[in-house]
Each structure stands twice: as C-alpha cells, then as structure tokens.
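Notes for the structure review
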Amino acid sequence: MLDITELSRRTGLPASTLRYYEEIGLIRSSGRRGLKRVFEEEVSTRLALVSLGRTAGFSLSDIRGLIGAEGQPELDRTTLARQADKLDEQIKEMTVLRDGIRHIVTCSADNHLDCPRFKRIMRVALRRGS
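Notes on the structure follow. (Residues numbered from 1 in each chain as written. Predicted model: local features only at pLDDT ≥ 70, side-chain atom pairs only at ≥ 80, totals over all residues. Heavy atoms only, no water.)

Turning our eyes to something else, we now look at the pattern of salt bridges. In total, this model carries 5 salt bridges according to the counting rule given. Its salt-bridge partner being arginine 37, residue glutamate 22 comes within 2.5 Å of it at the nearest N-O pair. Taken together, the residues glutamate 22 in helix H2 (residues 15-23) and arginine 37 in strand S3 (residues 36-39) connect sequence positions 15 residues apart. Overall, the relative accessible area of 19% leaves glutamate 22 in the buried class. (Salt bridge = Lys/Arg side-chain N within 4 Å of Asp/Glu carboxyl O. Helix = DSSP H or I, 4+ residues; strand = E, 2+ residues; numbered from the N terminus. Buried < 20%, exposed > 50% of the residue type's maximum accessible area, 1.4 Å probe, protein only.)

With respect to topology, 3 strands assemble into an open sheet ordered S1-S3-S2, the strand pairing being antiparallel. Every other strand in the sheet has two partners, leaving strand S1 (2-3) and strand S2 (31-33) as the edge strands with one partner each. By the bridge criterion, 3 bridges tie S2 to S3 in an arrangement that is antiparallel. Note that in S3 the partner of arginine 33 across the bridge is lysine 36. (Pairing = 2+ DSSP bridges.)

On to the side chain of glutamine 83. Here glutamine 83 shows up in helix H5 (residues 77-106). Once residues lying within four places of it in the same chain are set aside, the contact partners of glutamine 83 are Ala56, Gly57 and Phe58. (Contact = heavy atoms within 4.5 Å.)

As structure tokens, then:
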C-alpha cells in the first residue's frame, strides 16, 4: 500500500492530480491511513496508462472509457487506430510546419512576406486555424 505522498513521489504527479483522478474515476484509493489516502501498488499501472493516453492526445474522459473503472483495461482497437490516424495527420502537419520554419531561417528574401514559400505557409496556417 502506498499513501498519496509516496504515490505522488513515485509517479511525479502532484497529490492534487491524484485526488482529481480519483474524483473522476480513473483511479481508486483503498482507504485512508490517518488523513491520507492509500492506494494499492497496481494503481501505478493505471497511472502509466493515463499518462500514455494523455501523451497520445486522448481526453481524460476518453481514457476513462478505455481503461474502465476497475480491473483490466479494455483498450478498444478501433478507437486506438482512429487516434493513431489523428497522430499521423498531426505529424504530417508538424513536419510541414517544421520544414517551413527551417526555410524561413535560411530564406534569402529581404522580407519574409516577399517569399513565395512563406506566403504558402501562411495560407496553410490560415486554413488550418479556421
């Protein structure tokens, strides 16, 4: 059993985040030791899944649906595939943006607004922001 302070130390998550995750049903405490919540060791696995889900761009609500309330996570492959497709699209967009920024750094135009490639980058950014 880990009290909330120890779990926070091990995971790097603030105690306030752990309390919030418990409040929304992502994790569950086993009770209290004095005034402190205590958790089973296995909650670290759930927190790792939450962290992985957040990194992959899932909302906390999505993650709760994927890992369930208790027991073994039920990772829906269709949902995961859709998210992987979204990440692929974001990677493409970010790659174009990165390449555009690198071009701007080395562009020989006196004013970036005179550069045709920079103008294209701005048009793409405008469409994406709409």
